[in-house]
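Here are the chains, one letter per residue:
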Amino acid sequence: MITLAHMLCLSAILFSIGIYGVLARKSLIAILMSVELMFNAANINLVAFNRFLYPDSLWGQGLVLLVITVAAAEAVVGLALVIAIYRNTKNLNADDLHLLHD
Amino acid sequence: MTLPLGIFYALSALMIGFSLVVVTSRNLFRGAMCLTASMGFVAAFFALLGGDFLAASQLLIYVGGVMVLILFVVMFVQTPDLFRARQTSVRWIPALLLAGGVGALFIRAFCHIESPTELPVLQPTSTALGHLLLGDMAVPFEVISLVLLAALVGALVFGLERES
Amino acid sequence: MIFTFSMISHLFLIPILPFAAAFLIPIFGRWLPQRGAWLSIAAVMASFIIALDLLLRVGDGSLLLPHAVTPVPWFSVGLYEFVWGFQLDGLSLLMGLIVTGVSLLIQIYSLGYMSDAPRLKQYFASLSLFTSGMLLVVFSDNYFQLFIGWELMGLCSYLLIGYDWDREAAGKAAVKAFLTTRIGDLGFYAALLTIFIILGTFNFVQIEERLLDGGLSSWAITLMALLIFGGVVGKSAQFPLHVWLPDAMEGPTPVSALIHSATMVAAGVYLTARSYVLFSGSPMAMHIVSWVGGGTSLMAALFGVATRDIKRMLAFSTISQLGLMLLGLGVSGYSGSVMHMATHAAFKALLFLAAGSVIHAVHTNDIWKMGSLSKQMAVTFTVFLFGALALAAIPPFAGFFSKDKIIENIYLAHQPGLLALAYSVSGLTAFYVFRVIGLVFLGQPKERDRFAHAHESPWVMTIPMIILAFFAVSFGWILSRPSIFETFFSAPLHHAALEAAIPAWVMITAISVAVGGMGLGLFLYTGDLTRVESLARVFHPIHHFLFRQAYLDEAYELFLLRPVRGLAAGLDWFDRQIIDRIFVDGFKTIADELLSRRTPEEATASGERSGRIQNYLMIVTFAALVLLFWNSH
């Protein structure tokens with residue numbers, strides 16, 4: 001039967017796939033998508049813990065709802081930024097955006 | 001191998017597969033579609049774990065909202081010649097190592113975790129979630145609406161065309 | 001006015017009404033008449049009326065002093081609960097009446113004086129806020145709340161001195177005032193901590209009880225008293241923290257009248273009087289108080305003799321009179337000092353307002369450019385004269401009664417040195433104020449144009465002055481009436497009735513010294529000035545020394561400010577060159593070196609190797625991995 005360990009390992013794999021995407025991808029949108037992957041992995045974690053360790057409570061699921069909301073808000077702002085950058089520089093390559101350096 | 005476990009492995013294999021496409025594909029549009037599929041599978045897992053309301057909201061919000069948004073932006077910025085350009089930068093080796101390291105660490109920590117054998121029967125969660133959100137979780141619930149407001153305003157500020 | 005319901009519960013309204021006005025004026029001032037000035041005046045008038053009503057009820061016996069209002073809980077830390085508490089006793093009622101009354105008169109005066117000034121909203125809001133701060137100080141029943149009002153006043157003083165912030169001198173004076181009193185406030189803050197540690201409470205009544213229970217080492221009491229005195233020295237401009245008050249004259253004259261003569265600087269004296277039980281327990285602290293007060297008093301009087309600015313003369317006079325009050329408190333002369341605080345508020349505010357009237361008319365502060373103004377400004381001259389007579393302590397004017405009481409107290413304490421000091425200060429006081437009268441109002445005009453253009457001030461300015469003049473004349477006599485004296489000036493520790501035999505020569509010497517000073521001042525500085533000129537040549541070095549305020553400002557700059565600025569510059573260098581170079585730039589370079597060699601240069605300019613987010617993210621992930629790995633064992 002499905003145990004907590006199964007779910008957690010699954011979310012760990014998903015999470016590390018997300019990390020790879022964030023670190024290794026060139027396009028800003030690709031990085032954003034990888035971040036969404038990481039969010040989902042965390043959500044799976046939360047629901048799994050809720051179900052297996054605290055089955056009488058629903059706080060895990062409530063928190064997941066809030067996380068989904070926050071992730072959606074973040075995606076919105078991030079994509080608005082992407083559009084703004086694209087308008088200004090026509091280039092979404094992460095390596096070319098180094099204005100943070102003195 | 002019982003049926004639930006078999007379904008679980010099948011679903012997880014599919015989800016991992018789609019996610020891998022997301023992080024490796026050269027074609028951003030393909031990546032976005034695969035991400036949508038991956039999120040659908042996440043909803044399936046939510047349902048498996050007893051979060052029926054959660055599964056539905058995941059589909060509605062993520063698939064129906066966020067992914068549509070990402071697809072719009074992808075189509076907005078993609079030009080045909082970019083389909084051919086390499087998407088993965090040369091730092092993929094250290095990235096792979098780091099990601100693998102993190103994953104291995106987590107798996108090592110989690111694979112022997114204790115799990116109860118007797119679990120209560122799954123119940124519909126909508127009513128209980130409603131009571132929770134408007135009761136004990138009322139304050140975060142209200143604050144979240146402020147967060148959404150801030151995100152809306154921020155997106156508008158960034159997204160508006162400036163007349164120059 | 002007859003009220004059928006108890007108004008004592010409205011004691012807390014007295015500080016709150018001006019406080020509310022201070023916030024309403026900036027918000028709504030645009031639509032209010034006179035930019036919110038009338039709101040400010042209305043608030044302080046309401047407070048004054050409430051205070052008057054309280055006085056009447058004390059008078060007819062329906063209200064017994066001391067009276068405390070039920071405290072409102074605020075917050076608690078551990079076992080101690082902080083409250084908003086208000087109390088009414090003789091001292092606070094007297095000060096409350098004076099503060100609200102003088103504030104009211106000065107705000108009315110300001111309508112005329114500041115009529116063409118910009119930013120009136122800020123002016124009246126700051127005045128209201130200040131008034132509420134002082135009232136909070138006066139009516140609080142615990143040290144913590146008093147400190148809140150204390151700091152509030154310091155803020156408003158800064159805002160009001162620097163009101164004309166276009167002028168660099170005003171801005172610098174405001175900063176100087178704030179920083180100097182801050183140093184004193186450090187002492188007060190330390191006192192708060194010490195009192196709480198030793199006595200366990202901030203409430204005045206509880207502190208008095210615990211002190212009278214005994215069992216405290218004299219070192220502890222001395223420490224607490226001296227730390228409080230630190231705050232007093234700052235706020236009441238005593239040596240060595242007196243340097244801010246002369247410069248504070250850069251502010252508008254009504255501000256000088258309210259804050260730097262009658263109220264805020266008197267807060268230090270009030271605090272000492274309020275802590276009288278504490279101070280009485282430490283003879284050494286009392287000794288220090290009286291000598292610091294006396295020494296400052298003499299020093300300031302000498303400075304006052306040498307100055308040529310009419311407002312500075314009054315500033316030095318204030319420092320000097322405050323020193324006298326502290327001197328009186330130091331020799332256990334509670335009644336004299338408190339009475340002098342009251343009379344001084346009246347006549348000093350009057351003198352400042354009259355000086356403002358003069359400055360308004362001739363557009364200068366320099367007394368050597370004025371002259372013979374009694375002919376052009378009769379009302380101003382008369383009220384200034386009354387104020388001067390009160391300051392010089394000539395009977396039967398107000399200052400005489402209170403200063404004489406202080407001198408009696410010094411005599412009873414058997415302190416010949418301090419007695420001589422007090423007499424000298426009296427003589428000098430009379431001398432310098434009548435010197436100014438001679439130069440400004442009498443004699444020949446020094447500059448014809450100014451004299452010709454001078455005219456009396458409008459009624460909105462003269463009426464408050466006349467009211468204050470009435471008090472300058474009669475306040476001393478009024479306060480000496482036994483029943484009133486009893487109510488306001490009975491010291492917390494009931495010393496045996498000090499009606500003991502005071503030889504007549506004490507008072508006679510005081511009067512003669514004052515009259516002598518007045519005569520000398522008038523003789524030298526009225527009319528033909530040749531006598532002065534020959535004297536000036538003889539005394540020039542001394543005069544110059546006093547004119548430069550004994551070079552104390554320069555000494556502070558050299559020995560205090562320069563080293564601190566140098567230290568700050570050194571630390572800044574250290575921060576930028578060493579810490580930033582090593583820790584911030586260093587890590588960034590390491591990150592870039594480690595990773596950027598693998599970045600493709602295809603579409604990017606060559607040589608750009610830093611600022612890449614993903615590089616930094618990799619470092620972060622690596623660090624997280626290390627930490628997780630390390631902790632997972």
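Please read these numbers as outputs of a predicted model, since none were measured by experiment.

So, on to the overall build of chain B. Along its length, chain B carries six helices and zero strands. Across chain B, helices and strands are ordered from the amino to the carboxyl terminus as α-α-α-α-α-α. Sorting the 164 residues of chain B into buried and exposed places 37% on the buried side. A sequence separation of at least 24 residues applies to 60% of the contacts in chain B between residues at least 6 apart. Accessible area of chain B: about 9,300 Å², with a carbon and sulfur share of 73%.

This brings us to the overall build of chain A. Of the regular secondary structure elements, chain A holds three helices and zero strands. Listing the helices and strands of chain A from first to last along the sequence gives α-α-α. Put simply, 59% of the contacts in chain A that link residues at least 6 apart link residues at least 24 apart. Summed over its atoms, the accessible surface of chain A is roughly 3,600 Å², and 70% of this surface lies on carbon and sulfur atoms.

Another aspect to go through is helix 23 (residues 530–547) of chain C. Its 18 residues give helix 23 of chain C an end-to-end C-alpha distance of only 21 Å, which falls more than 12% under 26 Å, the value for a rise of 1.5 Å per residue. At the C-terminal side of helix 23 of chain C, C:Q549 shows a positive phi close to 50°.

Glancing now at the packing of helix 13 (residues 283–306) of chain C against helix 14 (residues 310–330) of chain C. Residue and element names in this part refer to chain C. Across the interface, helix 13 lies against helix 14 with an axial gap of 7 Å and an inter-helix angle of 160°. Considering the angle they form, helix 13 stands roughly antiparallel to helix 14. Handedness of the crossing formed by helix 13 with helix 14: left-handed. Contact residues: helix 13 offers M286, V289, S290, G293, G294, T296, S297, A300, A301, F303 and G304, while helix 14 offers M313, F316, I319, S320, G323, L324, L326, L327, L329 and G330. Taken together, the residues of the contact of helix 13 with helix 14 sort by class into twelve nonpolar, nine polar and no charged.

Here we take up the packing of aromatic side chains. Residues and elements named next belong to chain C. For the coordinates displayed, the defined rule picks out 35 aromatic pairs over all chains. The interplanar angle of 85° and the centroid separation of 5.9 Å between the aromatic rings of Y80 and F202 together place this pair among those described as edge-to-face. Residue Y80 is located in strand 3 (residues 80–84), and its partner F202 is located in the loop between helix 6 (168–199) and helix 7 (204–213); the two are separated by 122 residues in the primary sequence. Residue classification places F202 among the buried positions, given a relative accessible area of 5%. With a centroid separation of 4.8 Å and an interplanar angle of 85°, the aromatic rings of Y143 and F204 are classed as edge-to-face. Separated by 61 residues along the polypeptide, Y143 in helix 5 (residues 143–161) and F204 in helix 7 bring together distant segments of the chain. Residue Y143 is classed as buried on the basis of its relative accessible area of 3%. Relative accessible area serves as the criterion here: at 7%, F204 is assigned to the buried category. Members of the aromatic cluster, connected to one another through ring pairs, are W74, Y80, F82, W84, F144, F196 and F202. For the cation-ring pair, R119 lies above Y163, with the distance from its terminal atom to the ring centre recorded as 5.1 Å.

Let us look at the confidence of the model for chain B. A low pLDDT score tells you not to read the predicted coordinates there in detail. All names here are of chain B. Mean pLDDT for chain B: 87, with 90% of residues reaching 70 or above. Put simply, helix 4 (residues 92–110) is where chain B has its lowest mean pLDDT, 89, and helix 2 (residues 28–48) is where it has its highest, 93. Predicted as a complex, the structure gets a pTM of 0.69 and an ipTM equal to 0.90.

Contacts between chain B and chain A engage 83 residues on the former and 68 residues on the latter. Interface area, chain B with chain A, both sides summed: about 6,900 Å², of which 79% is carbon and sulfur. By the criterion of area lost to chain A, the three top residues of chain B are B:V23, B:L49 and B:Y62, representing 10% of everything that side buries. Linking chain B to chain A there are zero salt bridges. Joining chain B to chain A, the criterion identifies eight residue pairs in polar contact (both at pLDDT 80 or more).

Another aspect to go through is the pairing of strand 3 of chain C. Residues and elements named next belong to chain C. Bridge analysis of strand 2 (residues 72–77) against strand 3 gives five bridges, and the strand direction is antiparallel. Across the sheet, the residue bridging to F75 is F82, located in strand 3. What sits between the antiparallel neighbours strand 2 and strand 3 is a turn of two residues, in which G78 has the positive phi angle 60°.

Let us look at helix 2 (residues 37–59) of chain C. Residue and element names in this part refer to chain C. Here helix 2 is 23 residues long and its end C-alpha atoms lie 33 Å apart, about the 33 Å a rise of 1.5 Å per residue gives. All buried positions along helix 2 are accounted for by A37, S40, I41, A43, V44, S47, I50, A51, D53, L54, R57 and V58. Of the surrounding secondary structure, the elements contacted by the buried residues of helix 2 are helix 1 (13–28), strand 4 (87–88), helix 3 (90–113), helix 4 (120–139) and helix 21 (482–489).

Residues and elements named next belong to chain C. Along the polypeptide, L412 turns up in helix 17 (residues 398–412). On the basis of relative accessible area, L412 is assigned to the partly exposed category, the value being 22%. Linking L412 and V331, residues 81 residues apart in sequence, is a C-alpha distance of 8.7 Å.

What follows covers the environment of A:I44. Structurally, A:I44 is set in helix 2 (residues 28–53). Overall, A:I44 belongs to the buried group, its relative accessible area being 0%. Residues A:I44 and A:L10, spaced 34 residues apart in sequence, show a C-alpha to C-alpha distance of 8.7 Å. If near-sequence neighbours (up to four positions away) are discounted, A:I44 is found in contact with A:M7, A:S11, A:L14, B:M15, B:V42, B:F46 and B:L49.

Okay, the packing of helix 2 of chain A against helix 2 of chain B next. Here helix 2 of chain A crosses helix 2 of chain B at 5°, and the two axes come no closer than 11 Å. The orientation of helix 2 of chain A with respect to helix 2 of chain B, classified from their angle, is roughly parallel. Contact residues: A:I29, A:A30, A:M33, A:E36, A:L37, A:N40, A:N43, A:I44 and A:V47 in helix 2 of chain A; B:L28, B:G31, B:A32, B:L35, B:S38, B:M39, B:V42 and B:F46 in helix 2 of chain B.

With that settled, the discussion passes to the pattern of salt bridges. Residues and elements named next belong to chain C. The final tally for this structure, using the stated rule, is 14 salt bridges over all chains. Residue D185 pairs with R182 through a salt bridge whose shortest N-O separation is 3.6 Å. Taken together, the residues span about one helical turn, with D185 and R182 both in helix 6 at a distance of three residues. A relative accessible area of 35% means that R182 is categorised as partly exposed. Among the ionic pairs, D366 bridges to R308, the shortest N-O distance being 3.2 Å. Of this pair, D366 sits in the loop between helix 15 (334–362) and helix 16 (378–391) while R308 sits in the loop between helix 13 and helix 14, and the two are 58 residues apart along the sequence. For R308, a relative accessible area of 39% puts it in the partly exposed group.

On the secondary structure map, C:E151 appears in helix 5. Other than its neighbours up to four places away in sequence, C:E151 contacts C:R182 and C:D185.

Take the side chain of C:D89 next. Residues and elements named next belong to chain C. Within the fold, D89 resides in the loop between strand 4 and helix 3. One polar contact links D89 to R274, side chain to side chain, over a distance of 2.9 Å. Apart from the residues lying within four places of it in its own chain, the contact partners of D89 are L65, P66 and R274.

Our focus in this paragraph is the environment of C:E486. By the element assignment, C:E486 lies in helix 21. Residues C:E486 and C:G90 lie 396 residues apart in sequence; the distance between their C-alpha atoms is 8.8 Å.

Residues and elements named next belong to chain C. Between F239 and P240 the backbone carries a cis peptide bond, its omega angle lying at 0°. Inspection of the secondary structure assignment puts P240 in the loop between helix 8 (218–235) and helix 9 (244–247). Here the residue pair P395 and P396 is connected by a cis peptide bond, since its omega of 0° sits within 30 degrees of zero. As for its position among the elements, P396 is in the loop between helix 16 and helix 17. At R119, a residue that is not glycine, the phi angle is positive and equals roughly 55°. A residue is classified by how much of its surface remains accessible, and R119, at 25% relative accessible area, is partly exposed. Positive phi, normally seen in glycine, also occurs at A237, with a value near 55°.

How each quantity is defined
- Residues numbered from 1 in each chain as written.
- Chains lettered and ligands numbered in written order.
- Predicted model: local features only at pLDDT ≥ 70, side-chain atom pairs only at ≥ 80, totals over all residues.
- Heavy atoms only, no water.
- Helix = DSSP H or I, 4+ residues; strand = E, 2+ residues; numbered from the N terminus.
- Buried < 20%, exposed > 50% of the residue type's maximum accessible area, 1.4 Å probe, protein only.
- Contact = heavy atoms within 4.5 Å.
- Areas by Shrake-Rupley, 256 points an atom, 1.4 Å probe, with all protein chains shown as cover.
- Expected span 1.5 Å × (residues − 1).
- Axes fitted to C-alpha atoms, helices over the stretch in contact; angles between N-to-C directions.
- Parallel < 35°, antiparallel > 145°, perpendicular 65-115°, else oblique.
- Left-handed = near helix turned anticlockwise from the far one by under 90°.
- Nonpolar A, V, L, I, M, F, W, Y, C, P; charged D, E, K, R; others polar.
- Phe/Tyr/Trp six-rings, centres within 6.5 Å; stacked < 30°, edge-to-face > 60°.
- Lys NZ or Arg CZ within 6 Å of the ring centre and 35° of its normal.
- pLDDT = per-residue confidence, 0-100.
- Buried area = accessible area lost by both parts, 1.4 Å probe.
- Salt bridge = Lys/Arg side-chain N within 4 Å of Asp/Glu carboxyl O.
- Polar contact = N/O pair within 3.5 Å; in protein donor to acceptor, adjacent residues only side chain to side chain.
- Pairing = 2+ DSSP bridges.

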